[in-house]
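Chains, contacts and geometry: an overview
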Amino acid sequence: MKDILDYSLLAHNTFGIDARCHRFLEFATVEEAQQVADILKQTDLPFIIIGEGSNLLLTRDYEGIVVHSAIHGSRVVEDTEQAADSIYVEYGSGVVWDDVVAESVNNGWHGAENLSLIPGEVGASAVQNIGAYGAEAKDLIIRVEAVEIATGNIVTLSNDECQYAYRQSRFKHEWKNKYLVTHVVYRFSRNYSPDLDYGNIRHALEAKGIGGTPSPQQLRQTIIEIREAKLPDPKVTGNAGSFFMNPIVGRDVYEHLASQYENMPHYVVDADHIKIPAGWMIEQCGWKGKSLGRAGVHDKQALVLVNRGGATGNEVVALYKRIIEDVKAKFGIEIHPEVNVI
């Protein structure tokens, strides 16, 4: 177990903010997670649990404890309710998410292709319910294994118990800082049935001369290329990927706006609710490619806020608050950060 005082978090946040924490704890086994839980239970200091830091904006040094999982590895697990066309695989919470997708595609396990190149780690996939191109982690998660901080007990939490919704789970609300996630079990399908109808997937495939049904490898590579074209490499330009959640509005709100904005992009959630891309609204407000101080909006995807170089967390906060104000003034819709601001 790592236990380090006055620790730099520069390598633990993709925004590239050079902040420090009072104490850094990292566990590499379930037993070490139980040791960390015991420390947290006995301290009066605040604490946060992070993954790769790809969903984190630090605005200051953190005068508390930062906890990180370094549990790696994977194994196929058996389940009495497992269908013949499925395979259940358990991953350590510290495994990089895209490594999960790569392994699943290489092994003929399907369902995660559209989630290629999403930054973060396995533990965060269960907390955030990561999603892209019509797919979400909740569609794959069978159960989450964790250590309860208050007791040190090992618990198993079912998909239903986690109450997943768009970018939401109980881990972000009433379960916040209650558990240390150690493993996640995903269900993949042995049958390949790709979803090509979200965003510009089909167009991108056709542009590459791929007609009909692409192979899983072709689909994964195309998703990667789409994301790389829109999202800056955090190793070069600090960012946290999509900064805002796409708002879901009532059909009446959508129809009112659609009457004013021809060809407004949208996605039907259900009969009464429509999702409107926040990036499109931000672009309509003139923010795409613009900056406020050393923080800016990416010139290829307005949903992404970037560190132009040396930006502080507070500069990013000032920018995102201005954007929220402008979107609210123009569309009457309040958008919310997907990123955790500390």
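Just above, that's the structure.
Reading the values: the criteria
Residues numbered from 1 in each chain as written. Predicted model: local features only at pLDDT ≥ 70, side-chain atom pairs only at ≥ 80, totals over all residues. Heavy atoms only, no water. Helix = DSSP H or I, 4+ residues; strand = E, 2+ residues; numbered from the N terminus. Buried < 20%, exposed > 50% of the residue type's maximum accessible area, 1.4 Å probe, protein only. Contact = heavy atoms within 4.5 Å. Pairing = 2+ DSSP bridges. Axes fitted to C-alpha atoms, helices over the stretch in contact; angles between N-to-C directions. Parallel < 35°, antiparallel > 145°, perpendicular 65-115°, else oblique. Left-handed = near helix turned anticlockwise from the far one by under 90°. Nonpolar A, V, L, I, M, F, W, Y, C, P; charged D, E, K, R; others polar. Phe/Tyr/Trp six-rings, centres within 6.5 Å; stacked < 30°, edge-to-face > 60°. Core = buried A, V, L, I, M, F, W, Y, C linked by side-chain atoms within 4.5 Å.

**Focus on the environment of Lys178**
Among the secondary structure elements, Lys178 is positioned in the loop between α4 (159-162) and β12 (179-189). Residue classification places Lys178 among the partly exposed residues on the basis of a relative accessible area of 33%. C-alpha of Lys178 to C-alpha of Leu303: the two residues are 125 residues apart in sequence and 31 Å apart in space. In this view, Lys178 contacts Val147, Glu148 and Ile149; residues no more than four positions away in its chain are not counted.

**A look at the pairing of strand β19 (residues 304-307)**
Burial of β19 is two-sided: the residues Val304 and Val306 facing one way and the residues Leu305 and Asn307 facing the other way are all buried. As paired elements, strand β18 (residues 295-297) and β19 share three bridges and run antiparallel to each other. Bridge assignment links Ala295 to a residue of β19, and that residue is Asn307. Between β18 and β19, which follow one another and run antiparallel, lie six residues.

**Brief notes about the packing of helix α2 (residues 97-106) against helix α6 (residues 216-230)**
For the pair α2 and α6, the least separation of the axes is 10 Å and the interaxial angle reads 155 degrees. Classified by the interaxial angle, the pair formed by α2 and α6 is roughly antiparallel. Crossing handedness for the pair α2 and α6: left-handed. Along its contact with α2, which presents Asp98, Val101, Ala102 and Val105, the element α6 presents Pro216, Gln217 and Arg220. Here the residues of the contact of α2 with α6 sort into four nonpolar, one polar and two charged.

**Remarks on the packing of aromatic side chains**
Inspection of the entire model under this criterion finds 16 aromatic pairs. Consider the rings of Phe15 and Phe243, whose centres lie 6.2 Å apart with planes at 75 degrees: the pair is edge-to-face. One end of the pair, Phe15, is in the loop between β1 (2-8) and β2 (20-27); the other, Phe243, is in the loop between β13 (238-242) and β14 (248-250), with 228 residues separating them in the sequence. Taken individually, Phe15 and Phe243 each receive the classification buried, so the pair is uniform in this respect. Summarising the aromatic geometry, the rings of Phe243 and Tyr320 are spaced 5.2 Å apart at their centres and angled 40 degrees between planes, so their arrangement reads as tilted. Separated by 77 residues along the polypeptide, Phe243 in the loop between β13 and β14 and Tyr320 in helix α9 (residues 313-331) bring together distant segments of the chain.

**Regarding the nonpolar core**
Formed by 46 residues in total, the largest nonpolar core has its most connected members in Phe243, Phe244, Leu305, Ile323 and Ile335. Elements with a minimum of two residues in this core: β2, β3 (47-50), β4 (56-57), β5 (62-69), α7 (251-258), α8 (278-284), β18 and α9. Sorting elements by how many residues they give to this core places α9 first, with eight residues. In contact with Ile335, other than residues within four places in its own chain, are Phe244, Pro247, Ala278, Met281, Ile282, Ile323, Ile324 and Val327. The next biggest cluster of nonpolar side chains, apart from the first, holds 42 residues, and it includes Ile118, Ala132, Ala137 and Val144.

**Brief notes about the sheet that holds strand β7 (residues 86-92)**
Sheet architecture is open: five strands sit in the order β6-β7-β12-β10-β11, paired in antiparallel fashion. The open sheet terminates on both sides in strands that have one partner only, identified here as β6 (74-77) and β11 (154-158). The mean inter-strand angle of the sheet, taken between neighbouring strand axes irrespective of direction, is 25 degrees. The pairing of β6 with β7 spans four bridges and is antiparallel. Residue pairing across strands places Arg75 opposite Glu90, the latter belonging to β7. Each of β10 (141-148), β11 and β12 is contacted by helix α1 (residues 30-42), which is oriented at about 140 degrees to β12, the strand it contacts most.

**Some words on the sheet that holds strand β16 (residues 273-275)**
With antiparallel pairing, the three strands of this open sheet are ordered in space as β14-β16-β15. The open sheet has two edge strands, β14 and β15 (267-270), and neither has a second partner. Neighbour-to-neighbour, the strand axes of this sheet turn through a mean angle of 35 degrees, independent of strand direction. As defined by bridge partners, β15 adjoins β16 across three bridges and the pair is classed as antiparallel. Looking at the pairing, Tyr267 lines up with Lys275 of β16. Seen against the sheet, α7 touches β14, β15 and β16 and runs at an angle of roughly 90 degrees to β14.

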